Amino acid sequence: MLGKTLLPAVMRLPGDGFLAFIEIEGLTHIYHAGQDNEEKALDGIDLTVEEGEFVAVIGANGSGKSTLAKHLNAILLPTAGVVRVNGIDTRDGSRLWDIRQTVGMVFQNPDNQIIAAVVEDDVAFGPENLGVDPPEIRRRVEEALAAVRMTEFRQFEPHLLSGGQKQRVAIAGALAMRTRCLVMDEPTAMLDPAGRQEVLATVKRLHDESGITVVYITHYMEEAAAADRVIAMENGRVALMGPPRSVFPQVETLKRLGLDVPLAADVACRLRQKGVRLPEDIMTEEDLVKALCPSS
Ligand code: ADP
Ligand code: MG
């Protein structure tokens, strides 16, 4: 099991207290800047993510979610503004591997992320590249596979795994790098409901038990509802941000952003319009039942 103690200590700056784990200031990203086809994908984003937070990012297609994710481990660099990861400016090329080691990425397509022919070799790939000693690599692989509950599949060929299992192996690959933050870009979009459930449960457990920071991009509102904080994007900007309970009841805004609305929040909104008095923070079906039948 990946214990809290295995994660490096939170960085503290002498004199000025804690620095947010991820700090984004005025981040603008323009693809093909200066050319005819230039495209402003991010437009002056200000955002911080604290160590140990679980943040969900939602937003319509093209709103800039993937572009934002790619700034968190320096796959992309700002056209303007600053991104700092654990105090490191992502533009500092000499620290690129520190950043890549701190923030692990998991992408949508499970088949594009596994390179080795055997599961445990794939998990070992990252630490091998970092030049970690073989006995330490073996320890990390064992620990990472246990953390995603994939130990029994260590000798498997990846093509024999389900999509959900492949995503768990991808997560293990990041954990074996001793990553402190997982950035996941629609990791469940290509999975069936069972696979979605197993990936979300794995991420949630790692977050709860190991305190790993999670930035989780998703189209599924029920997944976003599991986060500490939800960020809704629109046209390269943050349109809405807050705990799920304050974001999801904002039915009109979510619809304007082209997003699904949790069924219970939608029904509660329509009942309110008909004059039924209900609390403002209804998000789940359970909340709604409780509000309508308080004694049940
Ligand atoms: P999302 O992940 O929310 O769907 P993206 O970050 O992929 O949004 O895209 C944001 C905007 O940037 C879109 O208008 C998209 O067309 C554009 N874009 C994304 N990637 C590229 C690229 N490699 N080249 C040019 N434009 C891009
Ligand atoms: Mg995307």
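Being a predicted model, the structure only gives us computed values, none of them experimental.

Reading the values: rules and limits
Residues numbered from 1 in each chain as written. Chains lettered and ligands numbered in written order. Predicted model: local features only at pLDDT ≥ 70, side-chain atom pairs only at ≥ 80, totals over all residues. Heavy atoms only, no water. Helix = DSSP H or I, 4+ residues; strand = E, 2+ residues; numbered from the N terminus. Rg over C-alpha atoms; globule rule 2.2 N^0.38 Å. Buried < 20%, exposed > 50% of the residue type's maximum accessible area, 1.4 Å probe, protein only. Contact = heavy atoms within 4.5 Å. Lys, Arg positive; Asp, Glu negative; His and termini not counted. Charge placed at Lys NZ, Arg CZ, Asp CG, Glu CD. Salt bridge = Lys/Arg side-chain N within 4 Å of Asp/Glu carboxyl O. Pairing = 2+ DSSP bridges.

### Some remarks on the overall build of the chain
- Regarding its fold elements, the chain presents eleven helices and ten strands.
- For 296 residues, the compact-globule estimate of 2.2 N^0.38 gives 19 Å, and the chain sits close to it at 20 Å.
- Seen along its three principal axes, the alpha-carbon backbone of the chain occupies a region of about 65 × 50 × 45 Å.
- Scored against the burial criterion, the 296 residues of the chain give a buried share of 49%.
- In the chain, of all internal contacts separated by at least 6 residues, the share reaching a separation of at least 24 is 63%.
- Taking the average place of the 31 positive charges on the side chains of the chain and the average place of its 43 negative ones, the gap between the two points comes to 4 Å.

### With respect to the environment of Gly104
- Inspection of the secondary structure assignment puts Gly104 in strand 6 (residues 103-106).
- The buried category is assigned to Gly104, whose relative accessible area is 9%.
- Along the backbone, Gly104 and Ala176 are 72 residues apart, and their C-alpha atoms lie at a distance of 9.9 Å.
- Those residues in contact with Gly104 that lie beyond four places of it in its chain are Ala174, Thr179, Cys181, Leu182 and Val183.

### Some thoughts on the pattern of salt bridges
- Inspection of the entire model under this criterion finds 22 salt bridges.
- With a closest N to O distance of 2.8 Å, Arg154 and Glu120 form a salt bridge. Here Arg154 is found in the loop between helix 4 (134-147) and helix 5 (163-176), whereas its partner Glu120 is found in helix 3 (residues 119-129), with 34 residues between them in sequence.
- Note on Arg154: relative accessible area 24%, which makes it partly exposed.
- A salt bridge links Glu280 to Arg272; its shortest N-O distance comes to 4.0 Å.
- On the accessibility criterion, Glu280 (59% relative accessible area) is exposed.
- Judged by relative accessible area, Arg272 falls into the partly exposed class, the value being 21%.

### Observations regarding the sheet that holds strand 5 (residues 88-89)
- In spatial order, the strands read 2-1-4-5; together these four strands make up an open sheet with antiparallel pairing. The open sheet is flanked by strand 2 (39-49) and strand 5, the only strands paired with a single partner.
- With two bridges connecting them, strand 4 (residues 80-85) and strand 5 associate as antiparallel partners. Note that in strand 5 the partner of Arg84 across the bridge is Asp89.

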